[in-house]
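Overview (structure and organization)
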Amino acid sequence: MTLRVYNTLTRQKEPFQTIEPGKVRMYVCGPTVYDKAHLGHAVSLLVYDIIRRYLEYKGYDVRHVMNYTDVDDKIINRARELGQDPQALAEHYIQEFEKTMRALGVLWPTVQPRVTQEMDWIQRMVQGLLDKGYAYQVEGNVYFDVTKDEDYGKLSGRRLEDLRAGVRIEPDPNKRHPADFALWKAAKPGEPTWDSPWGPGRPGWHIECSAMNLHHLGEQIDIHGGGQDLIFPHHENEIAQSESYTGKEPFVRYWVHNGMLRVRGEKMSKSLGNFITVDDFLAEHEPDVLRMILLNAHYRSPIDYDEPHVQQAKQALTRLRNAMRPAYPNAPGADDEVLQRLQAQIQATREGFEAAMDDDFNTAAALAHLFELVRAINQARDAGATDAQLQPAQDLLRELGEDVFGLHLQPQAEGASQADIEPLVELLIEVRSELRKQKQFALADLIRDRLAALGIRLEDTPHGTTWRRETREPHANQP
RNA sequence: GGCGACGUAGCCAAGUGGUAAGGCAGGGGCCUGCAAAGCCCUGAUUCGCGGGUUCGAAUCCCGCCGUCGCCUCCA
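Reading guide: rules and limits
Residues numbered from 1 in each chain as written. Chains lettered and ligands numbered in written order. Predicted model: local features only at pLDDT ≥ 70, side-chain atom pairs only at ≥ 80, totals over all residues. Heavy atoms only, no water. Axes fitted to C-alpha atoms, helices over the stretch in contact; angles between N-to-C directions. Helix = DSSP H or I, 4+ residues; strand = E, 2+ residues; numbered from the N terminus. Parallel < 35°, antiparallel > 145°, perpendicular 65-115°, else oblique. Left-handed = near helix turned anticlockwise from the far one by under 90°. Contact = heavy atoms within 4.5 Å. Nonpolar A, V, L, I, M, F, W, Y, C, P; charged D, E, K, R; others polar. Buried < 20%, exposed > 50% of the residue type's maximum accessible area, 1.4 Å probe, protein only. Polar contact = N/O pair within 3.5 Å; in protein donor to acceptor, adjacent residues only side chain to side chain. Core = buried A, V, L, I, M, F, W, Y, C linked by side-chain atoms within 4.5 Å. Phe/Tyr/Trp six-rings, centres within 6.5 Å; stacked < 30°, edge-to-face > 60°. Lys NZ or Arg CZ within 6 Å of the ring centre and 35° of its normal. Domains from an automatic or database assignment. Buried area = accessible area lost by both parts, 1.4 Å probe. Salt bridge = Lys/Arg side-chain N within 4 Å of Asp/Glu carboxyl O. Pairing = 2+ DSSP bridges.

Running from amino to carboxyl end, helix H12 (residues 363-382) crosses helix H13 (residues 387-404) at an angle of 155°, the nearest separation of the two axes being 10 Å. Considered as vectors, H12 and H13 are oriented roughly antiparallel to each other. Here the hand of the crossing between H12 and H13 comes out left-handed. In contact with Leu 370, Leu 373, Val 374, Ile 377, Ala 380 and Arg 381 of H12, H13 contributes Leu 390, Ala 393, Gln 394, Leu 396, Leu 397, Leu 400 and Gly 401. When grouped by side-chain class, the residues that make up the contact of H12 with H13 number ten nonpolar, two polar and one charged.

As for its position among the elements, His 206 is in helix H6 (residues 205-216). Classification of His 206 by relative accessible area gives buried; the value is 8%. A distance of 2.9 Å separates polar atoms of two side chains, one belonging to His 206 and the other to His 234. Separated by 3.1 Å, the side chains of His 206 and Asn 237 make a polar contact. The residues contacting His 206, other than those within four sequence positions of it, are Phe 181, Pro 233, His 234, Asn 237, Glu 238 and Gln 241.

In terms of nonpolar packing, the biggest core is built from 88 residues, with Phe 16, Leu 55, Met 292, Phe 353, Met 357, Leu 397 and Phe 405 touching the most fellow members. Ignoring any residue separated from it by four or fewer positions in sequence, one finds Leu 55 in contact with Leu 3, Phe 16, Val 24, Tyr 60, Val 62 and Ile 223. One finds Met 125, Leu 160, Trp 198 and Trp 255 within the second-largest nonpolar core, a separate group that totals 39 residues.

Turning our eyes to something else, we now look at the packing of aromatic side chains. Taken as a whole, this structure holds 13 aromatic pairs when the rule is applied. Both rings, one in Phe 251 and one in Trp 255, keep their centres 6.2 Å apart while their planes meet at 65°; by these two values the pair is edge-to-face. This pair shows no difference in class: Phe 251 is buried, exactly as Trp 255 is. Against the face of Tyr 245 rests Lys 132, its NZ or CZ located 5.5 Å from the ring centre. In this arrangement the basic side chain of Arg 300 is found over the ring face of Tyr 299, its NZ or CZ atom lying 5.9 Å from the centre.

To continue, consider unusual backbone geometry. Omega for the peptide link from Phe 232 to Pro 233 comes to 0°, which places this bond in the cis form. Structurally, Pro 233 can be placed in helix H7 (residues 231-246). Cis geometry is found at the peptide bond from Glu 249 to Pro 250, where omega equals -10°. At Phe 361, a residue that is not glycine, the phi angle is positive and equals roughly 55°. Take Phe 361: it is sitting in the loop between helix H11 (336-358) and H12. For Phe 361, a relative accessible area of 3% translates into the label buried.

According to the domain assignment, chain A consists of domain 1 (4-284), domain 2 (294-404) and domain 3 (418-469). Each of domain 1 and domain 2 has a C-alpha centre, and the two are 37 Å apart. Contact residues are listed per partner, giving 28 residues for domain 1 and 24 residues for domain 2. Together domain 1 and domain 2 conceal approximately 2,300 Å² of surface at their shared face, both sides included; 61% is due to carbon and sulfur atoms. The largest share of the area that domain 1 buries against domain 2 comes from Tyr 54, Tyr 57 and Arg 262, three residues that together contribute 28% of it. At the junction of domain 1 and domain 2, the tally comes to three salt bridges. Between Asp 359 and Lys 13 there is a salt bridge, with the nearest N and O atoms lying 2.9 Å from each other. Inspection of the domain 1/domain 2 interface yields 16 residue pairs in polar contact (both at pLDDT 80 or more). If one sorts the elements of the side of domain 1 that touches domain 2 by residue count, helix H1 (residues 39-57) sits on top with nine residues. Considered class by class, the residues forming the side of domain 1 that touches domain 2 number 16 nonpolar, five polar and seven charged.

Turning next to the sheet that holds strand S8 (residues 201-203). Reading across the sheet, the four strands line up as S5-S6-S7-S8 and stay open at both edges, with antiparallel pairing between neighbours. Every interior strand has two partners, whereas the edge strands, strand S5 (135-138) and S8, have only one. For this sheet, the mean angle separating the axes of adjacent strands, direction not counted, is 20°. Relative to strand S6 (residues 141-144), S5 runs antiparallel, the two sharing four bridges. Among the inter-strand pairings, Gln 137 is bridged to a residue of S6, identified as Val 142. The strands touched by helix H4 (residues 119-131) within the sheet are S5, S6, strand S7 (181-186) and S8, with S7 carrying the most contacts at an inclination of about 120°.

This next bit is on the sheet that holds strand S9 (residues 221-227). Strand order in the open sheet formed by four strands is S4-S3-S9-S10, and the pairing between neighbours is parallel. Strand pairing shows two members of the sheet lacking a second neighbour, strand S4 (61-66) and strand S10 (252-258), which therefore form its edges. Across the sheet, the mean angle separating the axes of adjacent strands is 20° when strand polarity is ignored. Against the sheet, H1 engages strand S3 (23-28), S4, S9 and S10, with an angle of about 135° to S10. Each of S9 and S10 is contacted by H7, which is oriented at about 160° to S9, the strand it contacts most.

In C-alpha cells, the structure reads:
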C-alpha cells in the first residue's frame, strides 16, 4: 500500500514520495510564545504527532522541526503590559509550552529553533531577496514585492486582484502593493532590535519560517504542517519568499493543514476570548481523552469541543483499555475455532488499519478497525482464552494504539508497585470470597467499596474475582 | 464582495458510482447476591432540499437552503 496525502496546494490526495528515500523532512508551525497554550495548540501538536508516528511506523526517518516565534508584536505588547523583558517573557512561555508537550505525550521535535537564534539565516534571506529584486527598502523597512512573484496566491487560491478588492487590507503608505508584507521591520523605540544592513530592526513574521526551513531542512522539504488559518497569508508568503530566494519549486511537497477546534460552534481563538487552556483541560481530563476526540474525526475537519464529546471519547477510551485486561482466572483455553477467528481478525485489523492510515491518515476509519479487534479479543476472553492465547491480539492493539496513536492503554499504576500489593489484595479477595459464600454480602461489598476507594477495582466473574488498579486519575500537568 | 470547507441515525463519525464502517447514548437478553466489565440482539429503505446524468448516486452535474473558516494576529 502506498501512503496518499492530501496536499492543500493541489487540493487533492497525492502519492507520498519523499525527496530522499526513507527520510521525511517535516516542518510544523509552532506557537508565538506570549501566553499559555490553548486547546488549539494541543490539537496541532497531537495531529502532527500522530502523523509523525505513522510515518515512523511505516519506516521513515522523520526529521521534525517546530519553531518558536519569540520576537513579535504580541510578545512585545504583553511584556510592556506586565513591565517585563520581552525575552524573559518568551522564555517563560517556551518553558510552559514544553510542559504542555510533555503532558500531552508528544514525540519531541528533532529541532526547535527560535527566531532570536536564527538572525543570520533570516538576514541572509532578506538580503538575497533584495539582491534578486523581490524586495525593496523603505525607511529601514524591507518589504516583499508580491507583484514580482508570478504565482503568488497559488496556495490559497487567491489572486492579487481579489486581494486588492478585499475590504480589510489596511493602507500602508510604505508599501507599493497592499499585499506586500514586511521582511524586516525598522526599529521602534523600546523594542528589541538587531543590527542589519538596512538599519536596526527585527524580522517580519513570515520570514522566520522560510529561514528556519532553509537552515534546518534545506531548500525543499516534504511536509509543512500548520492550522488551516495559516494558509493565508502566512504559508502563502512563506512559499513566495522561499521559492523566490532559492529559485526552486516546490518549496514544500505536501502542505498539510489541520482543521480548527471550535467551541460552541466558533473557532477558538485568542481574539474571540473563548479559548480554553491546555492546563484547564488537563485539570479535568487526561490527555488521552483529547487524543481520542481527534482520532475519531479526520484531521482536516473542524472539531467541536464540548462536554458530551469529552464523555464519549472517555468511554471509547475505556473500551479500548478494557480489551487489554487479562484472561479470566484459571481460564481453560479457547477452542480452535475461536482462536482461528482471533487470528483472522489480527490480520484483518493490521491490513485495515494500514489501508485507512495510508488514505490521508484516516484515523477514524483506522480506529474502527481497532474496535473490531477489541470485540474479537473480548469474545475470545469470554470463550476462555488464556493470556498466552490473547497476547498476539493484545500486542497488536498495543502496537497500533500506543505506538502509532500515542494512547496509553496499559494501566500505569502509580505509587506502590503491582508486586508489592498483590499478596495483600489476593488475601482480601480470598476473605471476601468466603464471606460471599456465606452470603455475608454487606461485608463483602464493604471490602469491594473500600478497595475501590483506594483505587483497586474488584470484579466478580463466573470464574472467580479479578482485580486491577483503577485507570489513572486525571492529573494536572506535571512540572 | 472574493476564496474555501462542510451538512450521513439522539450525539460523534467513516464512506466519493454498486446498494450505509466504528464509537457514545438508548432498548431487550445472557452472566451476576448486587455492582462493574463483557457477549448477543436491536436503530438511517436512507445520507440538508429540489432537479439532472446513469442500469445503478450519500458518492458525479446544476440550483437552492443552512453552518463554519480565511481574506487582520491566530494551531
